[in-house]
Amino acid sequence: MFNEVTSFAPGRVELLGNHTDYNQGLVLSAAIHLGVTVHARRNNSTRITISSATNRRHAEIDLPSIERLHTEPWANYPLGVIQMLRQTGFPLSGTAIDIDSNLPLGAGLSSSAALEVATAFAFRELYQLSIDPMGIAKLCQRAENEFVGVQCGLLDQASSVFGQDGKAILLDFRTVTAEPVALPAGAILLLASGVPHALAGGEYNERREQCTQAAAALGVTALRETTTAAVQAAKMDPLVQRRALHITGENERVSRGIEALRHDDLTTFGELMFESHRSSRDNFENSTPALDCLVEIASQTSGVYGSRLTGGGFGGSTVSLVNRDQAAQISESITKEYFQRTGIRSSAMLTFPSKGAVILARRRE
Ligand code: ADP
Ligand code: MG
């Protein structure tokens, strides 16, 4: 039996396939090199104590009476995971949890899922729980949906679990499977728009609702079951129709993007990224002027294959696929131009597809 365990779970970047996860669609994502570290230690009590070095907060609660904390909302992510594990029937005991992270919060890189997955991995190891990797991803999603109260899809958690060094991950949310895809030499440049996203603002849930409406109007169980041509031909509310066109377009772009990567064709893949952004801007309306500006500058910068908003949208970051040798110079020139146009200093981060969640250390009694 282990007494102490340290786990790590990465953030993720969605390369192509926006808002498709909850429509049973396709996403191409990658884990990034930054993430959340969780140190979990049995404390011979019934107490769950949680401290985060990131926000220097502390929360505690009795295991048998776990409930959502209104005063320490950040603690609901790990607490939700613990509660879901208990509801699944796993016997747990009192645990002290220390969180550390080098992932920016609320920047669209999915620190929430990284925190959930790192917690789940630590508990699985500490209590030797029998739960498979997709089971962990789903349980973490349920924690965020039911305990935290954010209706996120499975993308963030699955990417954090299934990431691989040097590989993008193709996630199919109809079959609920993950498959590594080689990403030929190219670096991933993340540029924060400097306007934090606010998924709690209701837009995310509203888009989900519109996708459900679109599927119902088209007579399909999920938008994955239909095509851009069928949506274009249908008579339906124009706003709902545009939302549906984004989803079907994204699914099609992911399929075409995988094909392009198989042929080492980063130019075509990059074009699909630009198309994806235009669809976010015009059809799904989850972009912002700041994100549009970053993508426009990227499109005029040499060495950039493609660029688009990544994650939920309504703020957050863009992802660009760039020539590895020119990456530093590209990053500098885009951020400079962005500052000249908007007065906002964008923080840039260069990353490569990285490993998924792991156990870093374990210690027996
Ligand atoms: P994102 O997942 O894109 O980073 P979210 O709003 O979904 O943005 O999740 C961010 C929230 O997750 C933070 O506001 C905080 O409540 C919680 N969180 C993530 N990482 C940490 C951490 N290291 N320490 C404490 N809370 C964290
Ligand atoms: Mg999140």
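Refer to the structure above for everything that follows.
Just so we're clear, the structure is a prediction, and the values are computed from it rather than from any experiment. (Residues numbered from 1 in each chain as written. Chains lettered and ligands numbered in written order. Predicted model: local features only at pLDDT ≥ 70, side-chain atom pairs only at ≥ 80, totals over all residues. Heavy atoms only, no water.)

### Some words on the overall build of the protein chain
Right, on to step 1. Scanning the protein chain from terminus to terminus reveals 10 helices and 12 strands.
Right, on to step 2. Relative to the compact-globule value of 21 Å for 365 residues, the protein chain shows a C-alpha radius of gyration of 20 Å, a close match.
Right, on to step 3. Each principal axis of the C-alpha distribution contributes one length, and for the protein chain these read about 60 × 50 × 40 Å.
Right, on to step 4. Per-residue burial for the protein chain yields a buried fraction of 58% across its 365 residues.
Right, on to step 5. In the protein chain, once contacts between residues fewer than 6 apart in sequence are set aside, the share between residues at least 24 apart is 72%.
Right, on to step 6. When the accessible area of the protein chain is evaluated, it comes to approximately 14700 Å², of which 48% is carbon and sulfur surface. (Helix = DSSP H or I, 4+ residues; strand = E, 2+ residues; numbered from the N terminus. Rg over C-alpha atoms; globule rule 2.2 N^0.38 Å. Buried < 20%, exposed > 50% of the residue type's maximum accessible area, 1.4 Å probe, protein only. Contact = heavy atoms within 4.5 Å. Areas by Shrake-Rupley, 256 points an atom, 1.4 Å probe, with all protein chains shown as cover.)

### Looking at the site of ligand 1
Right, on to step 1. If you check the shell around ligand 1, you find 16 residues, and the closest are S52, T54, G106, S111 and S112.
Right, on to step 2. One of the backbone nitrogen or oxygen atoms of S110 is found 3.4 Å away from an oxygen atom of ligand 1.
Right, on to step 3. Within the side chain of S112, an N or O atom sits 3.0 Å from an oxygen atom of ligand 1.
Right, on to step 4. In isolation ligand 1 offers 570 Å² of accessible surface; the protein chains occlude 84% of this area.
Right, on to step 5. Going through the elements one at a time, β5 (95–101) and α2 (111–126) are the ones with two or more residues in the shell around ligand 1.
Right, on to step 6. Class assignment of the residues belonging to the shell around ligand 1 gives a composition of 6 nonpolar, 10 polar and no charged. (Near = heavy atom within 4 Å. Polar contact = N/O pair within 3.5 Å; in protein donor to acceptor, adjacent residues only side chain to side chain. Nonpolar A, V, L, I, M, F, W, Y, C, P; charged D, E, K, R; others polar.)

### Observations regarding the packing of aromatic side chains
Right, on to step 1. Under the definition given, this model contains 2 aromatic pairs.
Right, on to step 2. Where Y22 meets Y204, the ring centres are 5.6 Å apart and the plane angle is 65°; that geometry is what we call edge-to-face. One end of the pair, Y22, is in the loop between β1 (2–16) and β2 (26–42); the other, Y204, is in helix α5 (residues 203–218), with 182 residues separating them in the sequence. Each of the two residues, Y22 as well as Y204, counts as buried.
Right, on to step 3. We note R207 situated over the ring of F284; from NZ or CZ to the ring centre the distance is 5.9 Å.
Right, on to step 4. In this arrangement the basic side chain of R345 is found over the ring face of F339, its NZ or CZ atom lying 4.0 Å from the centre. (Phe/Tyr/Trp six-rings, centres within 6.5 Å; stacked < 30°, edge-to-face > 60°. Lys NZ or Arg CZ within 6 Å of the ring centre and 35° of its normal.)

### Points about the side chain of H246
Right, on to step 1. Turning to its location among the elements, H246 is positioned in helix α7 (residues 238–262).
Right, on to step 2. For H246, the side chain forms a polar contact with the side chain of S279, separated by 2.6 Å.
Right, on to step 3. Once residues within four sequence positions are removed from consideration, H246 is found in contact with N18, R253, S276, S279, S280, N283 and F284.

### Some words on the pattern of salt bridges
Right, on to step 1. For the structure on display, the rule yields 21 salt bridges.
Right, on to step 2. Here E225 ties to R174 by a salt bridge, and the two come within 3.1 Å at their closest N and O atoms. Pair noted here: E225 is in the loop between α5 and α6 (228–233) and R174 is in the loop between β6 (167–172) and β7 (177–182), with a separation of 51 residues, a long-range link.
Right, on to step 3. Judged by relative accessible area, which is 38%, E225 ranks as partly exposed.
Right, on to step 4. On the basis of relative accessibility, which here comes to 41%, the residue R174 falls in the partly exposed class.
Right, on to step 5. The partner of R341 in a salt bridge is E296, with the nearest N and O atoms 3.1 Å apart. Taken together, the residues span a long stretch of sequence, with R341 in helix α10 (residues 327–342) and E296 in helix α9 (residues 289–299) at a distance of 45 residues.
Right, on to step 6. Look at R341 and you get partly exposed, because its relative accessible area is 37%.
Right, on to step 7. Residues joined in a network through salt bridges with shared partners are E14, E250, R253, R256, E275 and R308. (Salt bridge = Lys/Arg side-chain N within 4 Å of Asp/Glu carboxyl O.)

These figures capture arrangement, not role.
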